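The lines below spell out each chain.
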Amino acid sequence: AYKQAMELLQRRETLNADLRLISRSGIDPPFSVAALAAKFTRAKSRIKIGFNLKGRERNKLQSCLGEALTKKGISVIEGSSDVHLWIHGKIEMKSAGHQGGTQMVRATLNMRVTNARSGKSVAAFTRDVKVGREFLPQSIQLAASKLCFDVAPKLAQEIMGALSQ
């Protein structure tokens, strides 16, 4: 609702700019954009998200995604069920064969964001990463790093987009 209000205020400011060309004064809005933005920021910072991830390297991904969400102003809660949203996910690491002396690994992340009270899905995401190194453990570590440093920040942005709708 705040996002819609802010968009309407921005549209109003644009229309007022057109009016000022004609009459030197526009119509004062009932709220300022700054006040509305401050309210939205406070509301966003009160959102608490918890994690329920499964699979290999889940702790690493949880830390990276938690850090990315925290940077966006979301509270990440661990070890408690007192949250507004849950991020459920499963990470699968599978051998994807050999390619030129390299052991390939495909990492698949299936993730769903749900409302803690109603259980309804707010958003769902699937991401794949395919990487390779000489040995399988190195390939798995590289896949986890790709999920962490390439995928997690983008997912945090997409989660924020889903929350603002």
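For the structure, see preceding data.
Since the model is a prediction, treat every value here as computed from it, not as a measurement. (Residues numbered from 1 in each chain as written. Predicted model: local features only at pLDDT ≥ 70, side-chain atom pairs only at ≥ 80, totals over all residues. Heavy atoms only, no water.)

Participant: What is the right way to look at the side chain of Thr-108 in this model?
Facilitator: As for its position among the elements, Thr-108 is in strand S4 (residues 102-115). Excluding residues within four positions of it along the chain, Thr-108 makes contact with Lys-90, Ile-91, Glu-92, Thr-126, Arg-127 and Asp-128. (Helix = DSSP H or I, 4+ residues; strand = E, 2+ residues; numbered from the N terminus. Contact = heavy atoms within 4.5 Å.)

Participant: What is the right way to look at the pattern of salt bridges in this model?
Facilitator: A pair can form between side chains of opposite charge whenever their charged atoms are brought close. Taken as a whole, this structure holds five salt bridges when the rule is applied. For Lys-146, the salt bridge identified is with Asp-150, shortest N-O distance 3.7 Å. Taken as a pair, Lys-146 and Asp-150 lie in helix H4 (residues 136-163) at a separation of four residues, close to a single helical turn. A relative accessible area of 33% means that Lys-146 is categorised as partly exposed. Judged by its relative accessible area of 37%, Asp-150 falls in the partly exposed class. (Salt bridge = Lys/Arg side-chain N within 4 Å of Asp/Glu carboxyl O. Buried < 20%, exposed > 50% of the residue type's maximum accessible area, 1.4 Å probe, protein only.)

Participant: What should I look at first to understand the layout of surface pockets in this one?
Facilitator: The probe, sized like a water molecule, is rolled over the atoms to show the empty space still left. By volume, the largest pocket amounts to about 260 Å³. Residue classes in the lining of the largest pocket are distributed as five nonpolar, two polar and four charged. (1 Å grid on protein atoms, 1.4 Å probe; cavity = no way out; pocket = protein on both sides within 12 Å on 5 of 7 lines; lining within 4 Å. Points joined across faces, edges and corners; volume = space filled by probe spheres on them. Nonpolar A, V, L, I, M, F, W, Y, C, P; charged D, E, K, R; others polar.)

Participant: Help me understand the nonpolar core in this model?
Facilitator: Membership of the largest hydrophobic core comes to 34 residues, with the highest contact counts inside it found for Leu-65, Leu-69, Ile-87, Met-93, Met-111 and Leu-147. Counting only elements with at least two residues in this core, the list comes to strand S1 (48-55), helix H3 (58-71), strand S3 (85-99), S4, strand S5 (121-133) and H4. Top element by residues in this core is H4. It accounts for 12 residues. Once you skip the residues sitting within four places of it in the chain, Ile-87 turns out to touch Ile-49, Gly-50, Phe-51, Asn-52, Leu-53, Leu-65, Leu-69, Met-111, Arg-112, Val-113 and Ile-159. (Core = buried A, V, L, I, M, F, W, Y, C linked by side-chain atoms within 4.5 Å.)

Participant: Teacher, can you tell me more about the state of the cysteines here?
Facilitator: Put plainly, two cysteines are in a disulfide when a covalent bond ties their sulfur atoms together. In this structure the tally under the stated criterion is one disulfide. A disulfide bridge connects Cys-64 with Cys-148, and the sulfur atoms are separated by 1.4 Å. Measuring handedness by torsion sign, the sulfur bridge of Cys-64 and Cys-148 sits at about -45 degrees and is left-handed. Of the two residues, Cys-64 sits in helix H3 while Cys-148 sits in helix H4, which places them 84 residues apart along the sequence. Residue classification places Cys-64 among the buried positions, given a relative accessible area of 14%. (Disulfide = S-S within 2.5 Å.)

Participant: Teacher, can you tell me more about the packing of H3 against H4 here?
Facilitator: Helix packing for two helices is described by the angle between their axes and how far apart those axes are. Remark: H3 packs on H4, axes separated minimally by 8 Å, with the N-to-C direction vectors making an angle of 30 degrees. Put simply, H3 runs roughly parallel to H4. Classified by chirality, the crossing of H4 by H3 is right-handed. In this structure, H3 uses Lys-60, Leu-61, Cys-64, Leu-65, Ala-68 and Leu-69 to contact H4, whose residues at the interface are Gln-141, Ala-144, Ser-145, Leu-147, Cys-148, Ala-152, Pro-153, Leu-155, Ala-156 and Ile-159. Among the residues forming the contact of H3 with H4, the class breakdown is 13 nonpolar, two polar and one charged. (Axes fitted to C-alpha atoms, helices over the stretch in contact; angles between N-to-C directions. Parallel < 35°, antiparallel > 145°, perpendicular 65-115°, else oblique. Left-handed = near helix turned anticlockwise from the far one by under 90°.)

Participant: What's the story with the sheet that holds S5 in this structure? I'm lost.
Facilitator: Sheets are built from strands paired through backbone hydrogen bonds, the pairs being either parallel or antiparallel. Across the sheet, which stays open at both edges, the five strands sit in the order S2-S1-S3-S4-S5 with mixed pairing between neighbours. Looking at which strands have only one partner, the edges of the open sheet turn out to be strand S2 (75-76) and S5. As paired strands, S4 and S5 are joined by 12 bridges and run antiparallel to one another. Across the sheet, the residue bridging to Ala-107 is Val-129, located in S5. Across the sheet, H3 touches S1, S2, S3 and S4, and the angle it forms with S1 is around 155 degrees. In the packing of H4 onto the sheet, contacts are made with S3, S4 and S5, and the angle to S5 comes to roughly 155 degrees. (Pairing = 2+ DSSP bridges.)

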